[in-house]
Amino acid sequence: MLSFTSKRSVAIGEAMIEMAVVGEGTYRRSFAGDTFNTAWHMAQLLGPDFPVGFATKVGTDTISRSFVEELEADGIDVTCVARDADRTMGLYMIELDGAERHFHYWRNHSAARLLGDDAGWLDRVVRDAGLIHVSGITLAILSPDGRSRLWNALAQARLRGARVSFDPNVRPRLWTSATETRDTLAWFFEITDIALPSFDDETALWGDMSPDATLNRFAKAGVTEIALKNGAGAVQARSDGVETSVPTPPVSDIRDTSGAGDAFNAGYLAARLSGMDQADAIACGQRVSSRVIRYFGARLSKENVPKFE
Ligand SMILES: Nc1ncnc2c1ncn2[C@@H]1O[C@H](COP(=O)(O)OP(=O)(O)OP(=O)(O)O)[C@@H](O)[C@H]1O
Ligand SMILES: [Mg+2]
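So, here's what we can say about the structure. Note that the coordinates shown come from a computational prediction; the quantities given were computed from them, not determined experimentally.

### Re the overall build of the protein
Along the backbone of the protein there are 10 helices and 13 strands. Since a compact globule built from 309 residues should have a radius of gyration of about 19 Å, the 18 Å found for the protein is in line with a globular shape. Surface summary for the protein: the accessible area is close to 13300 Å², and the carbon and sulfur share equals 50%. Of note, the protein has its 33 positive side-chain charges centred 2 Å away from the centre of its 41 negative side-chain charges.

Structural data, given as structure tokens:
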């Protein structure tokens, strides 16, 4: 089983301003984004003994400052937040049409799109991290050169002993083609230690016929630890060739499944960092995600974060 050289972790990606409708023409402002949701829940679960950083780029405007202040207040290491004076954070709105939720995005020119522009900064943010978490969304928003710089920084960090966790989180509208998506993801599998895909994404992109086919594909790419999410279905996993299947406890009062996968990742990674084995880490991931889907929004309120055992 993989071990970690440091208690420090960092997630790299984009957080957006979230405007969620709460009444006719009235919206509540929050912040969300896949890797950010994962880092935030990890920090709440792990507490100060295991520092969690979020590496991103924001603006120098007041909304970006509010975001950084909120991170600090919530115990996240903000030393890896870079600033760009000419840009600001991306934004999305959640509107309701009956029970259907519609998402509208303004993220094409967000500051986070430039987080791959500075190789020196990337090297600094991954330095000393035992675990580095990235996602397919992180890759999708970067330029080809930005992806290369990130790949190199992760590869170097792995040579120094860091472990890389990767959630492919396939979002077709962020990519120009399925071929580009597959090529880029496969390239990052080369430097992935822990893969946290979800079966619906994987089958849509790669045509996998079963969860086993997905596990085999990752194993063939050289990934030694894989936990495959599958909504209400069992989490199927493999670590050093040993298979585990953990049924997902039924959740009856589901309100909003957004962020389920990100919350699972947080529980899983927090558990693994603190030394639990894969089966216990999966159970921990399921516990956090089952809680998230009972509430609106992709992040729990601090009081609702389950106790970490
Ligand atoms: N209907 C459900 N019933 C019970 N648990 C669920 C349900 N949907 C999701 N979960 C929990 O959330 C975890 C992650 O869900 P899912 O497989 O939908 O991830 P995902 O597709 O990565 O989500 P995301 O949309 O956040 O990317 C599951 O492993 C499970 O623990
Ligand atoms: Mg997902």
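### Some points on the sheet that holds strand β13 (residues 242–246)
Within the open sheet, the 9 strands sit side by side as β5-β4-β1-β8-β9-β10-β11-β12-β13. Their pairing is mixed. Two strands close off the open sheet at either side, each with one partner strand: β5 (81–83) and β13. Pairing of strand β12 (residues 235–239) with β13, which is carried by 5 bridges, proceeds in the antiparallel orientation. Among the inter-strand pairings, valine 235 is bridged to a residue of β13, identified as valine 246.

### Concerning the packing of helix α5 (residues 144–159) against helix α6 (residues 178–189)
The geometry of α5 relative to α6 is characterised by a closest axis approach of 11 Å and an angle of 20° between their N-to-C directions. Classified by the interaxial angle, the pair formed by α5 and α6 is roughly parallel. Here the hand of the crossing between α5 and α6 comes out right-handed. Where α5 approaches α6, its residues Arg147, Ser148, Leu150, Trp151 and Leu154 are matched on the opposing element by Glu180, Thr184, Trp187 and Phe188. By residue class, the composition of the contact of α5 with α6 is 5 nonpolar, 2 polar and 2 charged.

### What about the site of ligand 1?
Neighbouring residues of ligand 1: 21 residues in total, closest Asn169, Arg171, Gly231, Gly261 and Ser289. Measuring from an oxygen atom of ligand 1, one finds a side-chain N or O atom of asparagine 169 at 3.1 Å. In this structure, an oxygen atom belonging to ligand 1 sits 3.4 Å away from a main-chain N or O atom of asparagine 230. Protein contacts shield 85% of the accessible area of ligand 1, which totals 630 Å² for the unbound molecule. Taking a 2 Å distance to the grid points as the criterion, the majority of the atoms of ligand 1 fall inside the largest pocket. Secondary-structure elements contributing two or more residues to the shell around ligand 1 are α9 (260–273) and α10 (278–292).

### Some remarks on the nonpolar core
One finds Phe36, Met42, Phe54, Phe67, Leu71, Ile194 and Tyr268 to be the most contacted residues of the largest nonpolar core, which totals 48 residues. Of all elements in the fold, only β2 (16–23), α1 (34–46), β4 (52–58), α2 (62–73), β12, α9 and α10 reach the threshold of two or more residues within this core. With 8 residues, α9 is the single largest residue contributor to this core. If sequence neighbours within four positions are ignored, methionine 42 has contacts with Ser9, Val52, Leu131, Ala266, Leu269, Ala270 and Leu273. Val125, Phe166, Phe218 and Ile226 belong to the second largest nonpolar core, which has 43 residues in total.

### Re the pattern of salt bridges
Oppositely charged side chains can pair when the atoms bearing their charge come close. All told, the structure shown has 16 salt bridges when counted by the stated rule. With a closest N to O distance of 3.8 Å, arginine 29 and glutamate 70 form a salt bridge. Residue arginine 29 is located in strand β3 (residues 26–32), and its partner glutamate 70 is located in helix α2; the two are separated by 41 residues in the primary sequence. With a relative accessible area of 35%, arginine 29 lands in the partly exposed category. Residue glutamate 70 is classed as partly exposed on the basis of its relative accessible area, which comes to 29%. Between aspartate 201 and arginine 171 there is a salt bridge; the shortest N-O distance is 3.7 Å. Residue aspartate 201 is located in helix α7 (residues 199–206), and its partner arginine 171 is located in the loop between β9 (163–167) and α6; the two are separated by 30 residues in the primary sequence. Its relative accessible area of 13% is what places aspartate 201 among the buried residues. Several salt bridges converge on common partners, so that one network encompasses Arg29, Glu70 and Arg299.

### Focus on unusual backbone geometry
Across residues other than glycine, the phi torsion is negative in most instances, and most of the peptide bonds are trans. Phi is positive for asparagine 169, which is not a glycine, with a value near 30°. Structurally, asparagine 169 can be placed in the loop between β9 and α6. Phi is positive for aspartate 240, which is not a glycine, with a value near 50°. In this structure aspartate 240 comes out as partly exposed when scored by relative accessible area, which is 49%.

What counts and how
Residues numbered from 1 in each chain as written. Chains lettered and ligands numbered in written order. Predicted model: local features only at pLDDT ≥ 70, side-chain atom pairs only at ≥ 80, totals over all residues. Heavy atoms only, no water. Helix = DSSP H or I, 4+ residues; strand = E, 2+ residues; numbered from the N terminus. Rg over C-alpha atoms; globule rule 2.2 N^0.38 Å. Areas by Shrake-Rupley, 256 points an atom, 1.4 Å probe, with all protein chains shown as cover. Lys, Arg positive; Asp, Glu negative; His and termini not counted. Charge placed at Lys NZ, Arg CZ, Asp CG, Glu CD. Pairing = 2+ DSSP bridges. Axes fitted to C-alpha atoms, helices over the stretch in contact; angles between N-to-C directions. Parallel < 35°, antiparallel > 145°, perpendicular 65-115°, else oblique. Left-handed = near helix turned anticlockwise from the far one by under 90°. Contact = heavy atoms within 4.5 Å. Nonpolar A, V, L, I, M, F, W, Y, C, P; charged D, E, K, R; others polar. Near = heavy atom within 4 Å. Polar contact = N/O pair within 3.5 Å; in protein donor to acceptor, adjacent residues only side chain to side chain. 1 Å grid on protein atoms, 1.4 Å probe; cavity = no way out; pocket = protein on both sides within 12 Å on 5 of 7 lines; lining within 4 Å. Sits in = over half its atoms within 2 Å of the grid points. Core = buried A, V, L, I, M, F, W, Y, C linked by side-chain atoms within 4.5 Å. Buried < 20%, exposed > 50% of the residue type's maximum accessible area, 1.4 Å probe, protein only. Salt bridge = Lys/Arg side-chain N within 4 Å of Asp/Glu carboxyl O.

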